[in-house]
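Here's the letter readout for the chains.
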Amino acid sequence: MNAIAEQLRKSGRTSIYQPEQEGLIYPEEPSFSSREEERRHLKERLVGACRAFALHGLDYGFAGHLTVRDPIDPSLYWTNPMAVHFADVKVSNLILADHEGTVVEGDYAINRAGFVLHAAIHEAHPDIVAMCHAHTVYGSAFAALGKELLPMTQDACAFYEDHVVILDEAGQVAVETKAGHKVADAFKGVKAAIHQNHGLLTASRHSIEAAAFWFIALERCCQQQLMIEATGQVPKLVTQDRARYSREHVGSEYIGWLHFQPIWEQLVKAQPDMFS
Ligand SMILES: [Zn+2]
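Below is a summary of the structure that appears in this document.

Criteria and cut-off values
Residues numbered from 1 in each chain as written. Predicted model: local features only at pLDDT ≥ 70, side-chain atom pairs only at ≥ 80, totals over all residues. Heavy atoms only, no water. Helix = DSSP H or I, 4+ residues; strand = E, 2+ residues; numbered from the N terminus. Buried < 20%, exposed > 50% of the residue type's maximum accessible area, 1.4 Å probe, protein only. Pairing = 2+ DSSP bridges. Axes fitted to C-alpha atoms, helices over the stretch in contact; angles between N-to-C directions. Donors = N, O, S within 2.8 Å, 3.2 Å for Na, K, Ca; no water.

### Re the environment of Met 227
Tracing the backbone shows Met 227 in helix H6 (residues 208–230). Note on Met 227: relative accessible area 51%, which makes it exposed. When the C-alpha positions of Met 227 and Tyr 60 are compared, they lie 22 Å apart, and in sequence the two are 167 residues distant.

### Topic: the sheet that holds strand S4 (residues 103–105)
In space, the 8 strands of this open sheet follow the order S4-S3-S2-S1-S5-S8-S7-S6, with mixed pairing throughout. Of all strands in the sheet, those with a lone pairing partner are S4 and strand S6 (163–166), marking the two edges. Averaged over all pairs of adjacent strands, the angle between strand axes in this sheet comes to 25°, irrespective of strand direction. Sheet topology note: the strand S1 (residues 65–69)/strand S2 (residues 77–79) ladder contains 3 bridges and is antiparallel.

### So, the coordination of the zinc ion
For the zinc ion, the protein coordination sphere consists of His 133 (NE2), His 135 (NE2) and His 198 (NE2), at 2.0 to 2.1 Å. Counting residues between consecutive donors of the zinc ion along the chain gives the motif H-x1-H-x62-H. One end of the pair, His 135, is in the loop between strand S5 (130–134) and helix H4 (137–143); the other, His 198, is in the loop between strand S7 (192–195) and strand S8 (199–204), and 63 residues separate them in sequence.

Structure representation (structure tokens):
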């Protein structure tokens, strides 16, 4: 068994994508010698996630917030600065905030609506380490329908029985703490949520890379379902057994992380200022 397969076995994960041949180039999950090293890594990947959102056109003014739990003080989380374009986020302008929305490190303000949602979900679910939310064209349009994503494609199966539609506080901007708690309650045991009349949210118990990739994927699935439904034809759905099988193989946290790796590598080459 090679190192990657061994790593997957130890972590209890298996993947149909793991290489069986030794000595080939393949992404490996990081390990850290200190919490400080892990923190630097997480901050860089959070910046990478923001830059990826910019590349995918997921910005809308100052809306949109990505968070990752701090490895040194898990009651705090790092997030993107208020009113800074995703393309301009870098390690040095990230902010560290607590669950009350107080900035404890960094020069920029925090997005209040963002902290209400993210703080409530991070607080209610200690296992969640990263979250993404943005007001996107297709995700927000699909959210107006107030219904689940259907297993119309193999990619959409990643979300089969692994997302919820949240009706609470639909369409009302979340600036009150109780609104955040209602949304947090609905976020049990799933990696994604469609908030009616609002937009998409994803969460990860693994990494910011997984949360970011599943957000990009969910936006794409919403676009595809809208396109399919716009034909007026009845789509052929993936059967329940196959959808569950596909979700287990293409919808895991590890696969989300793995999908993000080529995006990260491209960003490292094209946007080295993100490390500044
Ligand atoms: Zn929002």
